[in-house]
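In case you want the letters, here they are:
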Amino acid sequence: MVTSQPKAQGTAVGTRPLRVAMVGHAFMGRAHSNALRQVNRFFDLPRDVVPALVVGRDAARVEAARRKFGFEEGGTDLAAALARDDIDVVDIATPNDTHCGIALAALKAKKHVLCEKPLALSVADARKMVAAAKKSGRHVGVWHNYRRSPAASLAQRMIARGDLGAIRQVRAVYLQDWLASADSPWSWRNDRAVCGSGAHGDLNAHLIDMTRFLCGLEFEAVCGIEQTYTKKRKDAAGKLRPVDVDDAFAFLARLSGGVIGTFESTRVAPGRKNHNRIEVSGERGSLVWNLERMNELEVFRYDEPRDSQGFRTVIAMDGVHPYAAHWWPDGHIIGYEHTFVHTLADFVLTLDSAQRFRPDFEDGLAVQAVLEAAQKSAISGRWQAVKG
Ligand SMILES: NC(=O)c1ccc[n+]([C@@H]2O[C@H](COP(=O)([O-])OP(=O)(O)OC[C@H]3O[C@@H](n4cnc5c(N)ncnc54)[C@H](O)[C@@H]3O)[C@@H](O)[C@H]2O)c1
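Residues numbered from 1 in each chain as written. Predicted model: local features only at pLDDT ≥ 70, side-chain atom pairs only at ≥ 80, totals over all residues. Heavy atoms only, no water.

Caption draft 1: A look at the nonpolar core. Counting residues in each nonpolar core, the largest one holds 110 residues, and the members touching the most others are Phe219, Phe251, Trp289, Leu297 and Phe361. No other element matches helix α8 (residues 199-215), which puts nine residues into this core. The two domains that each donate at least three residues to this core are domain 1 (16-145) and domain 2 (147-385). (Core = buried A, V, L, I, M, F, W, Y, C linked by side-chain atoms within 4.5 Å. Buried < 20%, exposed > 50% of the residue type's maximum accessible area, 1.4 Å probe, protein only. Helix = DSSP H or I, 4+ residues; strand = E, 2+ residues; numbered from the N terminus. Domains from an automatic or database assignment.)

Caption draft 2: Just the sheet that holds strand β12 (residues 259-266), in detail. Spatially, β16-β15-β14-β13-β7-β12-β11-β8-β17 is the arrangement adopted by the nine strands of the open sheet, whose pairing is mixed. Strand pairing shows two members of the sheet lacking a second neighbour, β16 (312-315) and β17 (384-385), which therefore form its edges. The pairing of strand β7 (residues 167-175) with strand β13 (residues 275-282) spans eight bridges and is antiparallel. Counterpart to Gln169 in the pairing with β13 is Ser281. Along the sheet, α8 makes contact with β7, β8 (219-227), β11 (248-255), β12, β13 and β14 (285-290), crossing β12 at roughly 150°. Against the sheet, helix α10 (residues 361-380) makes contact with β8, β11 and β17, and its axis sits at roughly 55° relative to β8, the strand it touches most. (Pairing = 2+ DSSP bridges. Contact = heavy atoms within 4.5 Å. Axes fitted to C-alpha atoms, helices over the stretch in contact; angles between N-to-C directions.)

Caption draft 3: Focus on the site of the ligand. Taken together, 24 residues form the shell around the ligand, and within it Met28, Asn96, Lys117, Trp188 and Arg189 come nearest. Here His99 contributes a side-chain N or O atom positioned 3.0 Å from an oxygen atom of the ligand. Backbone polar atom of Lys117 to an oxygen atom of the ligand: 2.8 Å apart, as the coordinates give it. Coverage of the ligand by the protein amounts to 85% of the 850 Å² it exposes when considered alone. Mapped by element, the contributors of at least two residues to the shell around the ligand are α1 (27-42) and α4 (96-108). Of the residues forming the shell around the ligand, the biggest block, three residues, is contributed by α4. (Near = heavy atom within 4 Å. Polar contact = N/O pair within 3.5 Å; in protein donor to acceptor, adjacent residues only side chain to side chain. Areas by Shrake-Rupley, 256 points an atom, 1.4 Å probe, with all protein chains shown as cover.)

Caption draft 4: Representation of α10. In this model, α10 (20 residues) spans 28 Å end to end at C-alpha, consistent with the 28 Å of a helix rising 1.5 Å per residue. In the stretch just after α10, Gly381 is the one whose phi turns positive, near 80°. (Expected span 1.5 Å × (residues − 1).)

Caption draft 5: View of the packing of α1 against helix α9 (residues 336-351). The contact between α1 and α9 brings their axes to 8 Å, and the two run at 60°. Taken together, the axes of α1 and α9 are oblique relative to one another. Here α1 and α9 pass one another in a crossing that is right-handed. Here Phe27, Met28, Ala31, His32, Asn34, Ala35, Leu36, Gln38 and Val39 of α1 come into contact with α9, specifically with Tyr336, Glu337, Phe340, Val341, Leu344 and Ala345. Among the residues making up the contact of α1 with α9, the classes are represented as eleven nonpolar, three polar and one charged. (Parallel < 35°, antiparallel > 145°, perpendicular 65-115°, else oblique. Left-handed = near helix turned anticlockwise from the far one by under 90°. Nonpolar A, V, L, I, M, F, W, Y, C, P; charged D, E, K, R; others polar.)

And the structure:
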């Protein structure tokens, strides 16, 4: 993480343009394009990020997105976009089944690539993406944006400097409820061929990345269980379509160093909208990060006076906290969209250096290996070794 280091004060702003082509323009397209527009307003960067081209499949929808999101141009021809010399970065904000093909083509065209998560549909595809990135010499990144909330980055810093002692347990949940009703419509997120899995690839992917980031641990073996409660849903046109992905997926994990992990993701937990929470317990303390209170870190430490021990809340929006000084005065909190701005800022800072942006495709492959092993385990009913 670059911007947790001292701020690059005095860096010449706006020296060279960094022209970005973004593929896909719905939910993540909106989040990414906001980051493209904001990043130079708040971070001193050696490159001026330019939302140059938005690419989609339907000309009218692309034009509407171009105007709304502030891109110079819109287009429906990805190959033509990749052939252009004036595009430096390809940003992939499309469904999971497209990530591998777009990334391979972009790397072949010598573009830097930022890709949404999960990196691919399979470990085999993720390996191809890692190999292509290495061969190209370009910089690559995965949009695991939650790493870069100030409080999560602070948690990583605290764990790395030993504040909790040796880590013993990680428990993480990512709970949503938008598919709790059988009447919720079918979408590509219910189609295994397009997304690979349901809540698992969508939500557990973030938990796996966050665990690797916070604790610096690797997953060794997993044991999973999954369930699909609603087997058919109507699509937007009213056609009944099969659901062949999990609504809920939980797994146990054995992590490096004898650490125990429990992970749960669901889209059918009534009342839970976007409850992404991770608790890490060490020998001498614990901490909790929860997206729904994303600027706060709950911390417990035995090295505090015995009579006043207890979980306390650190608001990680002071100048001493990662990213915070780039925004507002101390305590002026930020939100979901800022995590994408931070991700982009760090990515831009690594472009002109030999530094590895994290998470890169190797990190994405590591996440994919855990996802795939847990899926195999859920089918076999046995523990499964994780092989990246
Ligand atoms: N980082 C996060 O927190 C986060 C959150 C949500 C989604 N995601 C990921 O982002 C990706 C996109 O999800 P979304 O929620 O934006 O989906 P979405 O359905 O809202 O948008 C997908 C976009 O891709 C376009 N598209 C679909 N197929 C295409 C193709 N073959 N070629 C070009 N464009 C195509 C669609 O027209 C649409 O503009 C997924 O991989 C998802 O897992 C990440």
